[in-house]
Structures are given as C-alpha cells and as structure tokens.
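Chain and residue survey
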Amino acid sequence: MRVKLQDVVKAIDSGRTGAEYYYETKTGGIVRVSEKAVNGDANPALLERSREEQVIDYIPVPRQYDIDEYFMIEEFIYELQEGREQDILERAVRGKDASDKFMEKLYDLGLEERWRRYREDACKKVAREWCGRYKIEIEE
C-alpha cells in the first residue's frame, strides 16, 4: 500500500468541512465521503458500499477532532521568541473564541505564513504516524 503524503495532509486539513476521508486499499487513493456523495458522485449505492466496506477496503484518515488544534496553537506560541508577539498570542487564546482571536492576531502580527508552515508540518507528522500505524508506504 502506498499514498502521497500531500494527499493525506490535504485530507486531514479538509476534514474541517465535515466530509470524511478514507484511504482506499485497493487503489491507494484518498476517497472523500460526504453525507450524500463519494468523491462528488451522488451515487447512493457507491456511498452505501463505501460505508459497508470501510472496515476492509477503506481506512479512515485522521479527522479534525483527532488533531488537538488548540495544543498545536499553544506549541506554536511557545516556540516563538519570548516577547511581544508571544505575549499577544498568549492573551488571544485565553477564553471564548480563542481560535478566532488567535487567527486575527496572527494577521495583525504578520505571522500567518509562519503559522501555516507550522500547522502543515504538524499535519505531516500526524499523516506520517497514521501511515506508519497502517503500514502504508509514503510517497513524498
């Protein structure tokens, strides 16, 4: 079994939309399953088949709730050099709407690209661990 690392990372990141992603063992591809379609195909028989066969032929890709995004945010903040930026972001993630406030302050501080790279690296780590668990070979 083999999969492109970037396909797994994209599926992990896209999991925020509510769709589910699976690794199809027969084809080696990532399959998107939403409430009414598989890979955009509104074929009820295909959707039912994917759900019935998922134990054997489909391996679920980690979903957004499998990743502790808040922990990821905290780790990012603590990797910053101590000072103004770190202080601003620490305050932003306290209390209600922490994620929204964090993103707002990231843009204010010009750190959005740095966060994007950090988050992508963290998702790659999750993807690599997932591939290792299921003995799926990674294509870089």
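The structure presented is a predicted model; accordingly, all values stated were derived computationally and were not measured.

1. Regarding the pairing of strand S3 (residues 29-33)
Strand direction decides the pairing type here: strand S2 (residues 20-24) and S3, joined by five bridges, are antiparallel. Following the sheet pairing, Tyr21 is matched in S3 by Arg32. Here S2 folds back onto S3, and the loop between the two strands holds four residues, one of which, Gly28, carries a positive phi near 80 degrees.

2. Examining the packing of helix H3 (residues 69-79) against helix H5 (residues 98-109)
Relative to each other, H3 and H5 sit at 35 degrees, their axes nearing to 11 Å. Here the hand of the crossing between H3 and H5 comes out left-handed. Here Tyr70, Ile73, Phe76 and Ile77 of H3 come into contact with H5, specifically with Ala98, Phe102 and Leu106. Looking at the contact of H3 with H5, its residues break down into seven nonpolar, no polar and no charged.

3. Digging into the pairing of S2
Counting buried positions over the five residues of S2 gives four, a clear majority of the element. Judged from the three bridges that link them, S2 and strand S4 (residues 58-60) form a sheet pairing that is antiparallel. By the bridge assignment for S4, Tyr22 is matched with Pro60.

4. Some details on the sheet that holds S3
Pairing between sheet strands relies on hydrogen bonds along the backbone, with the strands arranged either parallel or antiparallel. Taken in spatial order, the three strands make up an open sheet running S3-S2-S4, and their pairing is antiparallel. Here the strands that pair on one side only, and so sit at the sheet edges, are S3 and S4. In this sheet, neighbouring strand axes are inclined to one another by 35 degrees on average, regardless of whether the strands run parallel or antiparallel.

Rules and cut-offs
Residues numbered from 1 in each chain as written. Predicted model: local features only at pLDDT ≥ 70, side-chain atom pairs only at ≥ 80, totals over all residues. Heavy atoms only, no water. Pairing = 2+ DSSP bridges. Helix = DSSP H or I, 4+ residues; strand = E, 2+ residues; numbered from the N terminus. Axes fitted to C-alpha atoms, helices over the stretch in contact; angles between N-to-C directions. Left-handed = near helix turned anticlockwise from the far one by under 90°. Contact = heavy atoms within 4.5 Å. Nonpolar A, V, L, I, M, F, W, Y, C, P; charged D, E, K, R; others polar. Buried < 20%, exposed > 50% of the residue type's maximum accessible area, 1.4 Å probe, protein only.

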